[in-house]
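# Summary of structural features
Here's the letter readout for the chains.
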Amino acid sequence: MQAMIHFPNLSPEIFSISLFGITFALRWYALAYIVGILAGWKLINMAVSRPQLWPGNTAPMTKPQVEDLLTWIILGVIFGGRLGYVLFYRPSYYVENPSEILMVWQGGMAFHGGFLGVVVAAWIWAGRQGVNRLSLGDSLALAVPTGLFLGRVANFINGELWGRPTDLPWGVAFPGPSAQTCEGIIGLCARHPSQLYEAALEGLILGTLLLILAFRRGALKVPGQLMGLFVAGYGLSRFIVEFFRQADDQFITIDNPMGYVIQFGAAGISMGQLLSLPMLLGGIAIMVWARGRARKEATA
């Protein structure tokens, strides 16, 4: 018998209450967003409270400015994440059902869209506040991994975004007909817990590295360096995890069972990998440029 882990009996809802015929529920995914944003806010405050970490021993913004930034970031995450999902993953469906585009409570958020939403929101906010955009990007790089970690753990609790079938002993038998429909497998189908792979790579490992570099290695002295590392690190982590993650249903066909959006014979690239490659290359370019810029300023 194949060794596997049976999915624990976990509910997507932490608790729910009914008032006047309306049910209000707190879900793990919502809690992950809330705690992730608050933790990110705390980390940025910790960084700006230490002016010696920044160029010229001057923090790029004040604590009241960080509070104002928080509102812009929340809006960028929500609208960017939703529009990214609509445009990148299910455009044809939402063309036919435009009234559902803003129904975020039905599910459907894309990290790459949320990332772009945050970039746009932060760029506009920094221009209005006169804050150095590179140092702002470094601040956000410190904040995001905690939310990524919690969000991926919430995905696991929800039993969603699971991976491809596997016979490894830590494979998880996720519930539901979609998770248990595995070609050529009779009985329970175990899948990679790809949500936890992402939590470890994008959240725990990348986040720890960024914190060490920022608070112990003086990386914030080079504006843009941590931002570039986060962008490249996320792109690399997501690209790797996509080898184990099940493709979205709309990309899977009889002729394309792996759900590739670009194919090279039997191999191919998934939508997640296609969106992550520019992040990997762009992040490396930002790091190289930031370090070159810092050297020029030091010798000027």
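Everything discussed here concerns the structure shown above.
To start, this report covers the structure provided alongside it. Residues take numbers from 1 onward in each chain, read along the sequence in its written order. Since the coordinates come from a predicted model, pLDDT governs what is reported: local features require at least 70, and pairs of side-chain atoms require 80 or more to be given and counted, while whole-chain, interface and lining totals use all residues. Where side-chain values are given, they derive from all heavy atoms of the structure, hydrogens and water being excluded.

## Structural notes on the packing of aromatic side chains
- Geometry of aromatic contacts follows a simple scheme: Phe, Tyr and Trp rings, the Trp one being its six-membered ring, pair when their centres are within 6.5 Å, and the pair is stacked under 30 degrees between planes, edge-to-face over 60, tilted otherwise. Counted according to the given criterion, the structure contains 10 aromatic pairs.
- Taking 5.8 Å as the distance between ring centres and 75 degrees as the angle between the ring planes, the aromatic pair formed by phenylalanine 156 and phenylalanine 174 counts as edge-to-face. Placement of phenylalanine 156 in helix H5 (residues 133-158) and of phenylalanine 174 in the loop between strand E4 (172-173) and helix H6 (194-215) is noted, with a sequence separation of 18 residues between them. With respect to burial, phenylalanine 156 and phenylalanine 174 carry one shared label: buried.
- By the ring-pair criterion, three or more aromatic residues cluster together here, those being Tyr85, Tyr89, Tyr93, Tyr94 and Phe251. Helix numbering and strand numbering both begin at the N terminus, where a helix is a DSSP run of H or I of at least 4 residues and a strand a DSSP run of E of at least 2. For each residue, the accessible area found with a 1.4 Å probe, counting protein chains only, is set against the maximum for its type, and the residue is called buried under 20%, exposed over 50%, and partly exposed in between.

## Considerations on the state of the cysteines
- A pair of cysteine sulfur atoms is labelled a disulfide when the two atoms are within 2.5 Å. Per the counting criterion, the structure on display carries one disulfide.
- In this model cysteine 182 forms its disulfide with cysteine 189; the gap between the sulfur atoms is 1.9 Å. Residues cysteine 182 and cysteine 189 share a disulfide whose torsion about the S-S bond is about -85 degrees; that sign makes it left-handed. Here cysteine 182 matches cysteine 189 in class, with each residue buried.

## Things to note about the side chain of serine 135
- Tracing the sequence through the fold places serine 135 in helix H5.
- With relative accessibility at 4%, the residue serine 135 sits in the buried group.
- Sequence-distant contacts of serine 135, defined by excluding residues within four places in its chain, comprise Trp54, Pro60 and Pro223. Contacts between residues were defined by any pair of non-hydrogen atoms, one from each residue, lying within 4.5 Å.

## Topic: the environment of proline 165
- Examined against the element boundaries, proline 165 turns out to sit in the loop between H5 and E4.
- The class for proline 165 is partly exposed, based on a relative accessible area of 38%.
- In this view, proline 165 contacts Cys182, Ile185, Cys189, Ala190, Arg191, His192 and Gln246; residues no more than four positions away in its chain are not counted.

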